[in-house]
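Breakdown of the fold
Listed below, chain by chain, are the residues.
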Amino acid sequence: MGGCAGRRLSDSEGEEANPALRPPPQDRQGTHWKNAVGFWLLGLCNNFSYVVMLSAAHDILSHQRAPGNQSHVDPDPTPTSHNSSSRFDCNSVSTAAVLLADILPTLVIKLLAPLGLHLLPYSPRVLTSGVCAAGSFILVAFSHSVGISLCGVVLASISSGLGEVTFLSLTAFYPRAVISWWSSGTGGAGLLGALSYLGLTQAGLSPQHTLLSMLGIPALLLASYFLLLTSPGPQDPGGEGEADTAARQPLINSEAPEWKPGSSSHLSLQERWTVFKGLLCYIVPLVLVYFAEYFINQGLFELLFFRNTFLSHAQQYRWYQMLYQAGVFASRSSLRCCHIRHTWALALLQCVNLAFLLADVWLSFLPSIYLVFLIILYEGLLGGAAYVNTFHNIALETSSEHREFAMATTCISDTLGISLSGLLALPLHDFLCQLS
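Named according to an unreviewed UniProt entry, the protein is Battenin originating from Delphinapterus leucas. If you open the UniProt record of the protein and go to Sequence similarities (unreviewed entry), you find "Belongs to the battenin family."

Right, dumping it as structure tokens:
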């Protein structure tokens with residue numbers, strides 16, 4: 001690990017393989033686009049259920065379903081669990097409860113990743129991720145209690161966390177460009193997930209049928225991995241010297257040895273500790289960025305309630321989520337246009353966002369919800385830029401034998417920040433709602 005200001009290490013030997021071993025240019029171009037589209041779809045599908053559960057958080061908590069109610073929650077519920085005397089129109093439980101159910105299992109998975117989880121074969125991990133995503137949609141859709149719904153959210157968290165560790169580690173075996181495609185796909189998941197939930201419920205579809213309509217996403221994830229993504233060839237960093245033809249085969253037909261990671265399994269504890277210390281200058285800013293933005297999203301969104309608009313409280317919450325995800329998608333797709341070296345600056349700006357919106361919740365000085373819309377869009381731009389630039393910088397500054405471990409380790413940053421924000425947002429919600 002070269003450190004945050006370190007130079008790009010000599011991976012060029014792996015990328016500039018013997019030209020005689022390379023497949024023809026047309027085949028290389030086809031392989032490039034298969035892998036680019038494959039990683040974009042994997043990013044999209046992996047984060048989709050996670051985003052949908054956060055978008056549905058207000059609905060999950062705002063109505064206790066009665067057994068036999070097959071319509072799930074009304075698109076715009078008038079919940080009995082709200083504190084209608086509060087100027088915040090509070091739920092009895094903060095949406096941070098859904099955030100914690102959606103992130104704590106991911107945190108456990110990512111903590112285990114550097115300790116050996118990333119040494120398991122890839123295919124079983126991908127299958128498990130797909131099955132958990134499908135199970136989350138079904139369980140929440142047919143749930144009649146908040147507790148069972150939260151169990152479904154936990155399944156979405158397991159799917160997203162396991163998938164992120166798996167696919168970010170997998171980028172170590174491909175050209176670095178796939179990191180940009182993966183990041184753009186995860187941003188697309190945020191936008192499409194929030195927009196689809198918002199659009200379908202606004203159109204009158206019940207949240208239950210909205211969730212069931214999304215069951216094709218886990219199937220698309222499995223198809224993208226097994227049928228579209230190709231096994232890495234000798235032209236890819238981290239490739240294991242497979243034949244040229246193997247590099248152009250879908251994974252389901254590949255004879256690669258169970259897709260076990262190559263280099264990082266041989267790292268000693270001392271080497272892993274050295275790499276980890278070099279990663280701290282990226283991990284700490286990313287933790288701060290995600291702490292601030294998810295404190296806003298799940299701690300303050302619900303409290304940024306404007307009564308003088310045509311949007312109901314539930315609709316305002318969904319619009320906040322959608323605009324945030326739109327900003328994330330735009331910035332996670334911007335790596336080719338804008339490369340940010342010093343990600344600590346993004347952390348500082350996101351903390352300023354948090355302080356400003358927290359002051360507005362307390363003092364109510366913003367006159368219009370449209371100003372909040374702009375701030376939330378900007379918040380998403382900062383968060384997405386921090387994510388994609390962090391992993392891009394790590395890919396540039398780590399050697400090929402350390403890259404897989406570095407990716408698996410750094411992906412804990414966002415999850416740790418989100419978890420801390422959820423833990424603090426719960427007591428803040430109760431405190432503000434009791435005062436108002």
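Following the structure, the description resumes.
In this section: the UniProt feature "transmembrane region" (unreviewed entry) in the protein. Here, the residues flagged by UniProt with the feature "transmembrane region" (unreviewed entry) are residues 37-57, 96-120, 132-158, 178-198, 210-228, 275-296 and 369-388. Split by type, residues 132-158 is 85% helix and 0% strand. Its first and last C-alpha atoms lie 7 Å apart. Spanning residues 275-296, this segment combines 100% helix with 0% strand, and its end C-alpha atoms are found 32 Å apart.

A general tendency of soluble globular proteins is for nonpolar side chains to be buried together. With 94 residues, the main nonpolar core has Leu170, Tyr225, Leu300 and Tyr320 as its most contacted residues. Ranked by residue count, the leading element in this core is helix α13 (residues 369-397), at 11 residues. For this core, the two domains that each supply at least three residues are domain 1 (28-64 + 91-232) and domain 2 (268-435).

The next subject is the pattern of salt bridges. In this structure the tally under the stated criterion is three salt bridges. Here Lys110 and Asp414 are joined by a salt bridge, their closest N and O atoms 3.1 Å apart. Here Lys110, found in helix α4 (residues 96-112), pairs with Asp414, found in helix α15 (residues 412-435); they are 304 residues apart in sequence, far enough to count as distant. Given a relative accessible area of 7%, Asp414 falls into the buried group. When the shortest N-O distance is used, the salt bridge between Arg341 and Glu397 registers 2.5 Å. Placement of Arg341 in the loop between α11 (313-332) and α12 (344-363) and of Glu397 in helix α13 is noted, with a sequence separation of 56 residues between them. The exposure class assigned to Glu397 is buried, which follows from its relative accessible area of 1%. Among the charged side chains, a salt-bridge network with shared partners connects Lys110, Glu164 and Asp414.

Further remarks concern the environment of Val284. Relative to the helices and strands, Val284 resides in helix α10 (residues 269-300). Owing to a relative accessible area of 45%, Val284 belongs among the partly exposed residues under this scheme. Counting along the chain gives 129 residues from Val284 to Ser413, while the straight-line C-alpha distance between them is 7.3 Å.

Moving on, we get to α11. If you check α11, its first and last C-alpha atoms are 29 Å apart, about what 20 residues at 1.5 Å a residue would give, namely 28 Å. Burial analysis of α11 places 17 of its 20 residues in the buried class, the great majority of the element.

The subject of this paragraph is the side chain of Ser421. Mapped onto the elements, Ser421 comes out in helix α15. Residue Ser421 is classed as buried on the basis of its relative accessible area, which comes to 0%. If we ignore the near neighbours within four places in the chain, the residues touching Ser421 are Leu99, Phe291, Tyr294 and Phe295.

Conventions adopted
- The residue numbering used here restarts from 1 in each chain and proceeds along that chain's sequence as written.
- Selection of residues for local features in this predicted model requires a pLDDT of at least 70, selection of side-chain atom pairs for listing and counting requires 80 or more, and totals for whole chains, interfaces and linings are taken over all residues.
- Side-chain figures throughout are based on the complete set of non-hydrogen atoms in the structure, without hydrogens or water.
- UniProt positions are given in the numbering used here, feature names are shortened, and annotations may be inferred rather than shown by experiment.
- Comment: elements are numbered from the N terminus, with helices defined as DSSP H or I runs of at least four residues and strands as E runs of at least two.
- By convention a nonpolar core is built from buried Ala, Val, Leu, Ile, Met, Phe, Trp, Tyr and Cys residues, the set being connected through side-chain atoms within 4.5 Å.
- Only protein chains enter the accessibility calculation, which uses a 1.4 Å probe; a residue is then buried when its area is under 20% of its type maximum, exposed when over 50%, and partly exposed in between.
- Start and end points for every domain follow an automatic or database-based domain assignment.
- Here, a salt bridge means any Lys or Arg side-chain nitrogen found within 4 Å of an Asp or Glu carboxyl oxygen.
- Take the number of residues in a helix, subtract one, and multiply by 1.5 Å to get its expected span.
- It only takes one pair of heavy atoms within 4.5 Å for two residues to be counted as in contact.

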